[in-house]
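Topology and contacts: notes
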Amino acid sequence: MALREEKVVLLIADISGYTDFMLANEKSLEHSHLIIGELIETILGEVELPLTLAKLEGDAVFLYAVKDEAFAARAEDLGARVLRFFHAFSNKVGELTLSSFCKCGACTNIETLKLKVVVHSGRCAFYQIAGLTELSGVDVIVVHRLLKNSVGSSEYVLLTEVAQEDLRLPLTLLSRGEETYDGIGAVPTFVYSPPETPAYVPDPSAPAPSLFLETLRCEIKREYAEVATNPTKGFHFHTGRTLAGLLGYSDELLEGIPESSIGRLAGTGNPFALGALHPGECVVELGCGAGMDTLIASRMVGPNGRVISIDMTPEMLDAARAAASEAGAGNIEFHLGYIEDIPLPDASVDVVISNGVINLAPDKKRVFGEIHRLLKDDGRLQIGDIIVQKAVPESAKRDIDLWAG
């Protein structure tokens with residue numbers, strides 16, 4: 001194992017408050033990961049040469065800069081770049097706070113997350129293991145020890161004296177300090193406390209943060225995973241054979257469909273009430289659930305036809321695949337994915353069917369754009385879904401319980 005030793009600047013950007021997020025309840029835990037992921041990506045978006053990513057460490061980003069011949073030219077504004085981390089981080093926290101519509105412990109406490117940065121300069125050894133570049137040495141230990149310090153605030157830059165020679169932050173902005181560690185001794189330091197960032201002002205033309213979309217999808221998948229794994233539990237919507245009767249599915253239409261599939265029906269209409277499918281047609285189903293409509297479509301288009309079913313809930317897809325296997329249907333393809341992004345070529349589909357799924361998509365315009373792209377010129381759209389006759393209030397759109405029950 002070849003070692004390469006270099007003079008380096010070592011930096012760790014760490015998110016304060018992460019531990020409290022991870023100790024929250026199950027729903028908060030999932031949402032915490034989404035939030036932390038967005039903030040980590042924000043920090044990474046600010047990383048420029050001479051800084052290079054060493055690794056992600058949970059709630060922290062470990063960076064380094066090799067002090068080679070090119071370092072001096074690139075490092076002139078290294079200190080300013082590090083301080084820009086705080087502006088970007090604060091803006092992202094503001095954006096996520098304004099876009100959040102969930103009431104769980106994580107989503108209601110995004111503003112408690114802060115950024116702290118520790119910086120140290122020294123030497124480290126680089127070596128390869130399993131194709132990855134690892135950093136080691138006393139100074140790597142020092143910069144990690146600096147995360148446990150006596151600084152009384154939750155947002156700061158803590159840098160050693162040797163690091164200050166490289167970052168060159170204005171001394172008027174710094175306060176002197178000292179940290180002491182077993183086996184290392186006293187480490188002279190400087191502390192920079194960033195000024196309060198102005199309130200975040202959203203850009204009305206910017207797309208919604210992915211947190212909005214991912215949180216919503218997370219909760220919808222949770223709800224329908226429960227339908228798939230515990231169909232007799234009882235939900236705020238009708239399910240199963242009782243629902244099939246309410247929606248006008250005849251006994252003839254359901255004949256031969258496995259009861260396991262019928263029992264997990266959670267739709268809002270009957271797409272086949274708009275007309276039968278024809279033998280040999282290619283059909284795309286948006287949101288197959290446990291596969292009841294899938295199998296009806298499969299029988300209608302026959303062995304020369306094709307049914308392509310897409311769903312974002314793995315548990316529902318498992319149920320649908322099992323039902324298709326039980327029914328002996330060989331003309332069905334199941335795909336895990338989102339109906340806003342369908343992996344099929346343009347003008348390749350005769351019919352698009354869907355039952356109670358499009359109303360759950362945040363970006364319905366994109367869904368209908370995909371439908372238009374996929375359908376042939378003489379293609380058909382047969383859906384059963386929910387419609388409203390007046391605008392939905394913004395407060396209702398931001399109530400996650402109205403989306404996922």
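One can find the structure itself at the top, above this paragraph.
Basis of the calculations
- Residues numbered from 1 in each chain as written.
- Predicted model: local features only at pLDDT ≥ 70, side-chain atom pairs only at ≥ 80, totals over all residues.
- Heavy atoms only, no water.
- Helix = DSSP H or I, 4+ residues; strand = E, 2+ residues; numbered from the N terminus.
- Rg over C-alpha atoms; globule rule 2.2 N^0.38 Å.
- Buried < 20%, exposed > 50% of the residue type's maximum accessible area, 1.4 Å probe, protein only.
- Contact = heavy atoms within 4.5 Å.
- Areas by Shrake-Rupley, 256 points an atom, 1.4 Å probe, with all protein chains shown as cover.
- Lys, Arg positive; Asp, Glu negative; His and termini not counted.
- Charge placed at Lys NZ, Arg CZ, Asp CG, Glu CD.
- Salt bridge = Lys/Arg side-chain N within 4 Å of Asp/Glu carboxyl O.
- Phe/Tyr/Trp six-rings, centres within 6.5 Å; stacked < 30°, edge-to-face > 60°.
- Lys NZ or Arg CZ within 6 Å of the ring centre and 35° of its normal.
- Arc of directions from axis to C-beta.
- Pairing = 2+ DSSP bridges.
- Right-handed = clockwise from strand over helix to strand, strands pointing away.
- Polar contact = N/O pair within 3.5 Å; in protein donor to acceptor, adjacent residues only side chain to side chain.

1. Here we look at the overall build of the chain
Helix and strand counts for the chain stand at 15 helices and 13 strands. A compact globule built from 405 residues would reach a C-alpha radius of gyration of about 22 Å, whereas the chain, at 28 Å, exceeds it by more than 25%. Referenced to the eigenvectors of the C-alpha coordinate spread, the extents of the chain come out at roughly 80 × 50 × 40 Å. Counting across all 405 residues of the chain, residues that qualify as buried make up 49%. Long-range pairs, those at least 24 residues apart, make up 74% of the contacts in the chain between residues at least 6 apart in sequence. For the chain, the accessible surface area stands at approximately 19900 Å², while carbon and sulfur atoms represent 53% of it. Placing the 35 positive and 57 negative side-chain charges of the chain at their respective mean positions leaves the two points 2 Å apart.

2. A few points about the pattern of salt bridges
Once the charged atoms of two side chains with opposite charge are near each other, the side chains can pair. Applying the stated criterion to the full structure yields 19 salt bridges. One salt bridge connects Arg81 with Glu48, and the closest N-O pair in it is separated by 3.9 Å. One end of the pair, Arg81, is in helix H4 (residues 78–99); the other, Glu48, is in the loop between helix H2 (26–45) and strand S2 (52–57), with 33 residues separating them in the sequence. The exposure class assigned to Glu48 is partly exposed, which follows from its relative accessible area of 41%. In this structure, Asp350 and Lys376 form a salt bridge, with 3.1 Å as the shortest nitrogen-oxygen distance. Taken together, the residues span a long stretch of sequence, with Asp350 in strand S12 (residues 349–355) and Lys376 in strand S13 (residues 375–384) at a distance of 26 residues.

3. Notes on the packing of aromatic side chains
Aromatic rings in a pair are described by how distant their centres are and how their planes are angled relative to each other. Inspection of every chain in the model, using the stated rule, returns 3 aromatic pairs. Ring geometry for Tyr64 versus Phe126: centroids 5.2 Å apart, planes at 65°, classification edge-to-face. With Tyr64 in strand S3 (residues 60–66) and Phe126 in strand S4 (residues 114–129), the pair connects residues that are 62 residues apart, well separated along the chain. Accessibility assignment for this pair places Tyr64 and Phe126 in one class, buried. Considering the side-chain rings of Phe235 and Phe237, the 5.4 Å spacing of their centres and the 10° angle between planes classify their relative orientation as stacked. With respect to class, Phe235 is no different from Phe237; both count as buried. Ring pairs connect the aromatic residues Tyr224, Phe235 and Phe237, which therefore count as one cluster. The side chain of Arg4 reaches across the aromatic face of Phe126, ending 4.4 Å from its centre. Here Arg217 stacks its cationic end above the ring of Tyr338, 3.5 Å away from the centre of that ring.

4. Re helix H5 (residues 138–145)
Residues of H5 that are buried: Asp139, Val140, Val142 and Val143. Projected onto a plane normal to the axis of H5, the buried residues spread over an arc of 155° and lie on a single side. Elements that come into contact with the buried residues of H5 comprise strand S1 (3–16), S3, S4 and strand S5 (132–136).

5. Topic: the pairing of strand S9 (residues 282–286)
When you tally the buried positions in S9, you get 5 out of 5 residues, the bulk of the element. Sheet topology places S9 next to strand S10 (residues 306–311); 5 bridges connect them, and they run parallel. The residue of S10 that forms the bridge with Leu286 is Ile310. Traced from S9 through helix H11 (residues 292–301) to S10, the parallel crossover comes out right-handed. Two strands pair when backbone bridges link them, and S9 and S12 are joined in this way by 4 bridges, in the parallel orientation. By the bridge assignment, Leu286 is partnered in S12 with Ser354.

6. Comments concerning the pairing of S5
Two faces make up the sheet, and in a regular strand the side chains alternate between them. When S4 meets S5, the two strands line up antiparallel, connected through 5 bridges. Paired with Ala125 across the bridge in S5 is Ser136. Hairpin connection between S4 and S5: a loop of 2 residues separates the two successive antiparallel strands, and Ala130 in this loop has a positive phi of roughly 55°.

7. Some details on the environment of Asn149
Position of Asn149 among the secondary structure elements: in the loop between H5 and strand S6 (156–160). Accessibility expressed as a relative area gives 22% for Asn149, which makes it partly exposed. The spacing of Asn149 and Val118 is 31 residues in sequence and 10.0 Å in space, taken between C-alpha atoms. When near neighbours in sequence (up to four residues on either side) are disregarded, Asn149 contacts Tyr156, Leu158, Glu179 and Tyr181. A polar side-chain atom of Asn149 sits 2.6 Å from the main-chain carbonyl oxygen of Leu146. A polar atom in the side chain of Asn149 sits 3.5 Å from the backbone oxygen of Leu147.

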